[in-house]
Amino acid sequence: MALIQFKFILPIFLVAFLVVPSIQAKDVRYCDKKGNYAVKVSGVDIDPEPVISGMPATFNIYASSEQAILGGQLAIEVSYFGVHIHTEKHDLCEETTCPISSGDFVISHTQVLPGFTPPGPYSLKMKLAGGDGKQLTCIGFDFKIQFGSSVADS
């Protein structure tokens, strides 16, 4: 009986460990496919996904660099149905701990979108420049926004 249960449970665990992580991570594209960026981005996680208007959303960008980064600036451009709608800039050291040592690091940005933000498909382009203004990376990814629930969670 235990062997039968094991044969049933094993495929469920395999699906959970192989499929669920791929659902969470966003597909990231480099702005210049031939670009040899100093900062490599391995993935982006968004919580919650889809983003809910009027609620906080956290964007975690997982990256690595072969050299230390003392500071810099993030430029973020957002498009809705392919139309540019918003641009903002942030000090890199407000989104991660500076200086950044060589190796892996995470850029984390939390933002609350207004409750009237229209639902639908969005795309985000993020450019990272070092303190000297030299571009370190440029990525893009897609995400969705949905209206928040009018019923409070219990």
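An unreviewed UniProt entry lists the protein under the name MD-2-related lipid-recognition domain, with Macleaya cordata as the source organism. In its Subunit (unreviewed entry) section, the UniProt record describing the protein reads: "Monomer." Its UniProt record gives the protein a comment under Sequence similarities (unreviewed entry), which states: "Belongs to the NPC2 family."

Topic: the overall build of the protein
When you go through the protein residue by residue, the secondary structure sums to two helices and 10 strands. In the protein, the succession of α and β elements from N to C terminus is α-β-β-β-β-β-β-β-α-β-β-β. Expressed as a percentage of its 154 residues, the buried residues of the protein come to 32%. For the protein, the share of sequence-separated contacts (at least 6 apart) that also reach a separation of at least 24 residues comes to 59%. Carbon and sulfur atoms form 60% of the exposed surface of the protein, whose accessible area is close to 10000 Å².

Overview of the pairing of strand β10 (residues 135-146)
Where strand β2 (residues 29-30) and β10 come together, two bridges link them in antiparallel fashion. By the bridge assignment, R29 is partnered in β10 with G140. As judged from the two bridges shared by strand β4 (residues 51-52) and β10, these two strands associate in the parallel manner. By the bridge assignment for β10, I52 is matched with Q146. Examined bridge by bridge, strand β9 (residues 120-130) and β10 share 10 bridges and lie antiparallel to one another. Along β10, the bridge assignment pairs A129 with Q135. Between β9 and β10, which follow one another and run antiparallel, lie four residues, and G133 among them has a positive phi close to 90°.

Things to note about the side chain of S79
Position of S79 relative to the elements: it lies in strand β6 (residues 72-80). The contacts of S79, once residues within four sequence positions are left out, are H84, I85, P121, Y122 and S123.

Definitions and limits used
- Residues numbered from 1 in each chain as written.
- Predicted model: local features only at pLDDT ≥ 70, side-chain atom pairs only at ≥ 80, totals over all residues.
- Heavy atoms only, no water.
- UniProt positions renumbered as here; feature names shortened; annotations may be inferred.
- Helix = DSSP H or I, 4+ residues; strand = E, 2+ residues; numbered from the N terminus.
- Buried < 20%, exposed > 50% of the residue type's maximum accessible area, 1.4 Å probe, protein only.
- Contact = heavy atoms within 4.5 Å.
- Areas by Shrake-Rupley, 256 points an atom, 1.4 Å probe, with all protein chains shown as cover.
- Pairing = 2+ DSSP bridges.

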